[in-house]
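Okay, here's what each chain looks like letter by letter:
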Amino acid sequence: MHDPATITEPGSDLFPADRLGRAREAAAAAGLDALLISPGADLRYLTGYDALPLERLTCLVVPAEGEPFLLVPALEQPAAQASPAGGLGLEITGWSETEDPYAVVAARLPSSLARVGVDNHMWAEKSLTFRDALPGARQELAGSVLNELRIRKTPQEIQALRLAGAAIDRVHSRMGEWLRAGRTEREVGRDIADAMIAEGHVRADFVIVGSGPNSASPHHELSDRVIRPGDPVVVDIGGTTRDGYCSDSTRVYTLGTPPEEFSRLHKVLLGAQIAQTDAVRPGITASDLDAIGRDLISDAGYGPYFIHRTGHGIGLETHEEPYIVAGSSLPLEPGMAFSVEPGIYLPGRYGARIEDIVICTEDGGERLNRTSRGLAVLPLLP
């Protein structure tokens, strides 16, 4: 369950009150009569409230004209008031168990409502119920408006991401404490998750420990495979900090001397990842940044084994805009935060991925993860 106490206190610069006004203006400019925002990253972005995703409706209503209000189940009203939302001067209204909350929203919106922006992650059950409650309004994705607000991080958000990056770096720097031959991936993963909390996260969102042939599966789930001497191990970990901002970093380890071909593969990958992070600057397109690493990997003969995009945006969510992928003509701008994580995966044998979070700055890029990107050879302990 989410813990509202894990979000920065009211009054923090991370959740300025003008975000609601900017969202209202952006909705009006897009021709939307209102935004309907359910629990999730968009609600946290606009209000700082990390609401529980319940079957009972919680909805931030942002009319293009008029004042926004937050409708919550009555039993959740104290939590909403105690969250940063309570410090924004935002009306927070509770609805009782015998009320129809969708009718409450409909009654407060103009009858002439024609187009509404619905939260991209709103449950289908709630979206369809709103469709019935607002029969004259065509539903569209609110992300078309809110992504444009969220995609460029403020200095305060960038600092929160720096702190998240430093926290996950501290975990990677301790990997030798847990990653040893004879232990299972699951045992190592439990220790890593505990360390993530100890090093500054409030929750571990994911822990990937892919050893030996499992390292060739980019999203490998923890298993009971016993890690063996010589195994390459991909460790991809990320979590959420008290400020609500996310970390994500991948490094590659081996237990003792790695296979010779794997060392060559990793050297190619490292060159590609360094070239990509060095190329970050305003104006370069997401597609061109992807191509820099992909071309180097292809030239080395591993092109078919780089099977995913170069990266994803990060902030209040681990994956958000912008996406660094072939075919995207989006030019990078200062304040955009994203991963650079090329990978090479030889099915059934082994794989590797190196991942840093990078901020596009006014004149280049700032890499937030500072642990060594080289192949980390851990000693074989008795």
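Above this text is the structure in question.
An account of the accompanying structure is given in this report. Note that this is a predicted model, so its numbers are computed, not measured.

Some remarks on the sheet that holds strand S8 (residues 232-241)
Here is step 1 of the chain: Spatially, S7-S8-S9-S17 is the arrangement adopted by the 4 strands of the open sheet, whose pairing is mixed. Lying at the two open borders of the sheet, with one neighbouring strand each, are strand S7 (201-211) and strand S17 (376-378). Adjacent strand axes in the sheet meet at a mean angle of 30 degrees when their direction is disregarded.
Here is step 2 of the chain: As defined by bridge partners, S7 adjoins S8 across 9 bridges and the pair is classed as antiparallel. If you follow Ser 211 over to S8, its bridge partner there is Val 233.
Here is step 3 of the chain: Running at roughly 145 degrees to S8, helix H7 (residues 155-172) makes contact with S7, S8 and strand S9 (249-255) of the sheet.
Here is step 4 of the chain: Where helix H8 (residues 185-198) meets the sheet, it contacts S7 and S8, and its direction lies at approximately 155 degrees from that of S7.

Regarding the nonpolar core
Here is step 1 of the chain: With 38 residues, the main nonpolar core has Leu 35, Ile 37, Leu 46, Tyr 49, Leu 60, Leu 70 and Leu 146 as its most contacted residues.
Here is step 2 of the chain: Sorting the residues of this core by element identifies helix H1 (18-29), strand S1 (34-37), helix H2 (41-47), strand S2 (59-63), strand S3 (69-73), helix H6 (143-150), H7 and strand S15 (356-360) as the ones contributing at least two each.
Here is step 3 of the chain: Ranked by residues supplied to this core, first place goes to H2 with 4 residues.
Here is step 4 of the chain: The contact partners of Tyr 49, leaving out residues within four places of it in the chain, are Leu 43, Arg 44, Thr 58, Leu 70, Val 72, Glu 76, Ala 79, Ala 80, Ser 83 and Ala 85.

Some remarks on the packing of helix H4 (residues 101-108) against helix H5 (residues 124-133)
Two packed helices can be described by the angle between their axes and the distance between those axes.
Here is step 1 of the chain: Between H4 and H5, the least distance of the axes is 10 Å, while the angle of their chain directions is 50 degrees. Classified by the interaxial angle, the pair formed by H4 and H5 is oblique. Seen along the crossing, H4 lies across H5 with a hand that is right-handed. Taken together, the residues of H5 that come into contact with H4 (itself represented by Tyr 102, Val 105 and Ala 106) are Lys 126, Thr 129, Phe 130 and Ala 133.
Here is step 2 of the chain: Grouping the constituent residues of the contact of H4 with H5 by class yields 5 nonpolar, 1 polar and 1 charged.

The rules behind each value
- Residues numbered from 1 in each chain as written.
- Predicted model: local features only at pLDDT ≥ 70, side-chain atom pairs only at ≥ 80, totals over all residues.
- Heavy atoms only, no water.
- Pairing = 2+ DSSP bridges.
- Helix = DSSP H or I, 4+ residues; strand = E, 2+ residues; numbered from the N terminus.
- Axes fitted to C-alpha atoms, helices over the stretch in contact; angles between N-to-C directions.
- Contact = heavy atoms within 4.5 Å.
- Core = buried A, V, L, I, M, F, W, Y, C linked by side-chain atoms within 4.5 Å.
- Buried < 20%, exposed > 50% of the residue type's maximum accessible area, 1.4 Å probe, protein only.
- Parallel < 35°, antiparallel > 145°, perpendicular 65-115°, else oblique.
- Left-handed = near helix turned anticlockwise from the far one by under 90°.
- Nonpolar A, V, L, I, M, F, W, Y, C, P; charged D, E, K, R; others polar.

Taken by themselves, the reported measurements are silent on function.
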